[in-house]
2 protein chains.
Amino acid sequence: MKKYEEIYTDIKNKIVSGEYTATEQLPFEKDLCDAYNTSKMTVKRALDLLVDEGLIIKRRGSGTFVKDLSQKEIERITQINQLNGFTAAHSKGDNKVTSKVLAFDVRQADETVMDKLNLKPGSFVYNIYRVRYINDKPAALEKAAMPIESVPGLEKKHLENSIYHYVKKELGLNIQSAHRLFTVKKADDEEARYLNVDRNDPIAVTEQITYLDTGHAIEYGVTKSRADSFAAETIISN
Amino acid sequence: MKKYEEIYTDIKNKIVSGEYTATEQLPFEKDLCDAYNTSKMTVKRALDLLVDEGLIIKRRGSGTFVKDLSQKEIERITQINQLNGFTAAHSKGDNKVTSKVLAFDVRQADETVMDKLNLKPGSFVYNIYRVRYINDKPAALEKAAMPIESVPGLEKKHLENSIYHYVKKELGLNIQSAHRLFTVKKADDEEARYLNVDRNDPIAVTEQITYLDTGHAIEYGVTKSRADSFAAETIISN
DNA sequence: GAGTGGTCTAGACCACTTC
DNA sequence: AAGTGGTCTAGACCACTCT
């Protein structure tokens, strides 16, 4: 493990465990350098990770302090901003995630998909349409387009489980980032039917573009979630 | 302007303007060091900002590449993850943001507020309840609790405009971060009335805790937005 | 003025990819 | 083997806060 990760983990544990309490001032960077026997840049990097994560704040000229977070907030913070697919994101605890494939075919990318995935006209994409279930309860309707050359050998059986698993473990591709947009709408007839809600019930819409570490977009997806199985979190820092 | 910001800005401009095109390989860090007459750490820092922003990706052993982003996606990226209050967030273009104050009083923090703001029992908070309008159209219902000692001198006139403006410009406080949680619900009678929608219409709920650079939570707010005036974006990176 | 965190350097060495 | 980005150092100097 890298040195800055060790320092980050160590300090984070001390915050989570309560050894460093809310609003408490951390040791000065200089002293942390001594304590961890390392250089300033490395300590700074470790602390900056904690700032990004929302656990501490730094003030030049004053020092570094644990944020005034409630215990619940601390617990939540340690779980957000993880780059997971639907399966991993909802498999926490004993949840069972399954899928029903409504459509799986190859077609030419339409205008929207071409634009979102930055494809050339005439490019072919897998067209995937699934209902996702959590513990056998319908949770989301997921439409996705994936360029065929990025995901060779995709089969129906992969759709019934986790596409991300296939992409990562079997194809050995590295997912680097995802851009997400959240909006809200009324359920139409189709959404109502598959999600087992009433027409006009509220639906959370997550539009997502997923990128590989090659820089290429691998997926444009629109996920329509039932209100009772949707939540998204984010931390914004200056 | 700091050196790493200059390099970041320069490269970003070249991406936005199209001088560096999608999937193009950037010069090696070594060459960028020469070009900007600086050290490796500084170049790395500038590039890491672009990675966080979602514009480029780096692969050890291979190089640095512009992400395969569509032009629209590039435009969107440059606008997200900004730490703004409702007023600033919705004042883009010629939008006019106004408010109607439904309630403004001081009370003891209830269980939830105490927990979210990490307050001691018996602490007093401003209780604020407003309808927010964009171009005179109701857009959101906002309930907020703010510790009285954090926001001295808050008056009704501030609520009718921007609280953030008062906090930042008049009190000189620095907002450091915000933790947001998004969910979805059906409009109840009260929400329907104030937002001018039908009962059971979809509503986006944003729950937010805002922190000062002192580490103290200054606001716990719940914003109920009309579906047609809500959108939230986020970028997740490995 | 003393002390904090922030920026930057010049260079060593490491981990990984590609040839 | 050569070349990429990643980590880390030891220290200089800067910007800001507090007294």
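Residues numbered from 1 in each chain as written. Chains lettered and ligands numbered in written order. Predicted model: local features only at pLDDT ≥ 70, side-chain atom pairs only at ≥ 80, totals over all residues. Heavy atoms only, no water.

## Some thoughts on the nonpolar core
Next up, step 1: In this structure, Val113 of chain A together with Ile11, Ile15, Leu47, Leu55 and Ile56 of chain B are the most contacted members of the largest nonpolar core, which totals 43 residues.
Next up, step 2: Each residue touching Ile11 of chain B, except ones within four places of it in the same chain, is listed here: Tyr20, Leu26, Leu32, Tyr36, Leu47 and Leu50 of chain B.
Next up, step 3: Residues Leu26 and Ile77 of chain A together with Leu117 and Tyr211 of chain B belong to the second largest nonpolar core, which totals 32 residues. (Core = buried A, V, L, I, M, F, W, Y, C linked by side-chain atoms within 4.5 Å. Buried < 20%, exposed > 50% of the residue type's maximum accessible area, 1.4 Å probe, protein only. Contact = heavy atoms within 4.5 Å.)

## Looking at the UniProt feature "domain: HTH gntR-type" (unreviewed entry) in chain A
Next up, step 1: Listed under "domain: HTH gntR-type" (unreviewed entry) in the UniProt record, and renumbered for this structure, are residues 1–69 of chain A.
Next up, step 2: Annotation note: span residues 1–69 of chain A, helix share 52%, strand share 12%, distance between end C-alpha atoms 28 Å. (UniProt positions renumbered as here; feature names shortened; annotations may be inferred. Helix = DSSP H or I, 4+ residues; strand = E, 2+ residues; numbered from the N terminus.)

## Structural notes on the sheet that holds strand S8 (residues 217–226) of chain B
Next up, step 1: Read across the open sheet, the 7 strands follow the order S9(A)-S6(B)-S7(B)-S8(B)-S5(B)-S4(B)-S3(B); overall the sheet is antiparallel. For this open sheet the edge positions go to strand S9 (232–237) of chain A together with strand S3 (97–108) of chain B, each flanked by a neighbour on one side alone. Going from strand to strand, the sheet's axes swing by 15° on average, the running direction of each strand aside.
Next up, step 2: Looking at chain direction, S9 of chain A and strand S6 (residues 175–186) of chain B are connected through 6 bridges and run antiparallel. (Pairing = 2+ DSSP bridges. Axes fitted to C-alpha atoms, helices over the stretch in contact; angles between N-to-C directions.)

## Thoughts on the relation of the copies chain A and chain B
Next up, step 1: For the pair chain A and chain B, the best superposition has an RMSD of 0.0 Å and corresponds to a rotation of 180° with a translation of 0.0 Å parallel to the axis. Taken together, the rotation and translation relating the two chain copies correspond to the operation of a two-fold axis. By C-alpha distance to the rotation axis, the residue of chain A lying nearest is Pro202 of chain A, at 2.2 Å.
Next up, step 2: A shared binding surface is used by both copies, with 100% of the interface residues of chain A retained as interface residues in chain B. (Least-squares fit on C-alpha atoms with pLDDT ≥ 70 in both.)

## Some words on the packing of helix H1 (residues 3–17) of chain A against helix H3 (residues 40–53) of chain A
Relative orientation and spacing of two packed helices are given, respectively, by the angle between their axes and the distance between those axes.
Residue and element names in this part refer to chain A.
Next up, step 1: Here H1 crosses H3 at 50°, and the two axes come no closer than 8 Å. Taken together, H1 and H3 sit at an angle that is classed as oblique. At the point where H1 passes H3, the crossing takes the right-handed sense. Residues Lys3, Tyr4, Ile7, Tyr8, Ile11 and Lys12 of H1 lie in contact with H3, whose contacting residues are Thr42, Val43, Arg45, Ala46, Leu47, Leu49, Leu50 and Glu53.
Next up, step 2: Its residues assigned to classes, the contact of H1 with H3 comprises 9 nonpolar, 1 polar and 4 charged. (Parallel < 35°, antiparallel > 145°, perpendicular 65-115°, else oblique. Left-handed = near helix turned anticlockwise from the far one by under 90°. Nonpolar A, V, L, I, M, F, W, Y, C, P; charged D, E, K, R; others polar.)

## Quick notes on the protein's contact with DNA strand D
Next up, step 1: Near DNA strand D there are 24 residues, and of these Lys3, Tyr4, Thr38 and Thr42 of chain A together with Lys40 of chain B occur at the shortest range.
Next up, step 2: For DNA strand D, the backbone portion of the atoms within 4 Å of the protein, that is sugar and phosphate, comes to 67%.
Next up, step 3: In the environment of DNA strand D, a phosphate oxygen lies 3.0 Å from a nitrogen or oxygen atom belonging to the backbone of Glu29 of chain B.
Next up, step 4: In this structure, Lys58 of chain B approaches DNA strand D through a side-chain N or O atom, which is 2.9 Å from a phosphate oxygen.
Next up, step 5: At the level of secondary structure, the elements contributing two or more residues to the surface near DNA strand D comprise H1 and H3 of chain A together with helix H2 (29–35), helix H3 (40–53), strand S1 (56–59) and strand S2 (63–66) of chain B.
Next up, step 6: Along the lines of polarity and charge, the residues of the surface near DNA strand D split into 4 nonpolar, 9 polar and 11 charged. (Near = heavy atom within 4 Å. Polar contact = N/O pair within 3.5 Å; in protein donor to acceptor, adjacent residues only side chain to side chain.)

## Topic: the sheet that holds strand S3 (residues 97–108) of chain A
Next up, step 1: With antiparallel pairing, 7 strands are arranged side by side in an open sheet as S3(A)-S4(A)-S5(A)-S8(A)-S7(A)-S6(A)-S9(B). Looking at which strands have only one partner, the edges of the open sheet turn out to be S3 of chain A together with strand S9 (232–237) of chain B. Strand-to-strand, the axes of this sheet are offset by a mean angle of 15°, without reference to chain direction.
Next up, step 2: Where strand S5 (residues 137–147) of chain A and strand S8 (residues 217–226) of chain A come together, 6 bridges link them in antiparallel fashion. Along S8 of chain A, the bridge assignment pairs Lys143 of chain A with Val222 of chain A.
Next up, step 3: Lying on the sheet, helix H8 (residues 163–170) of chain A is in contact with strand S4 (124–134), S5, strand S6 (175–186), strand S7 (202–212) and S8 of chain A; it crosses S6 of chain A at an angle near 175°.

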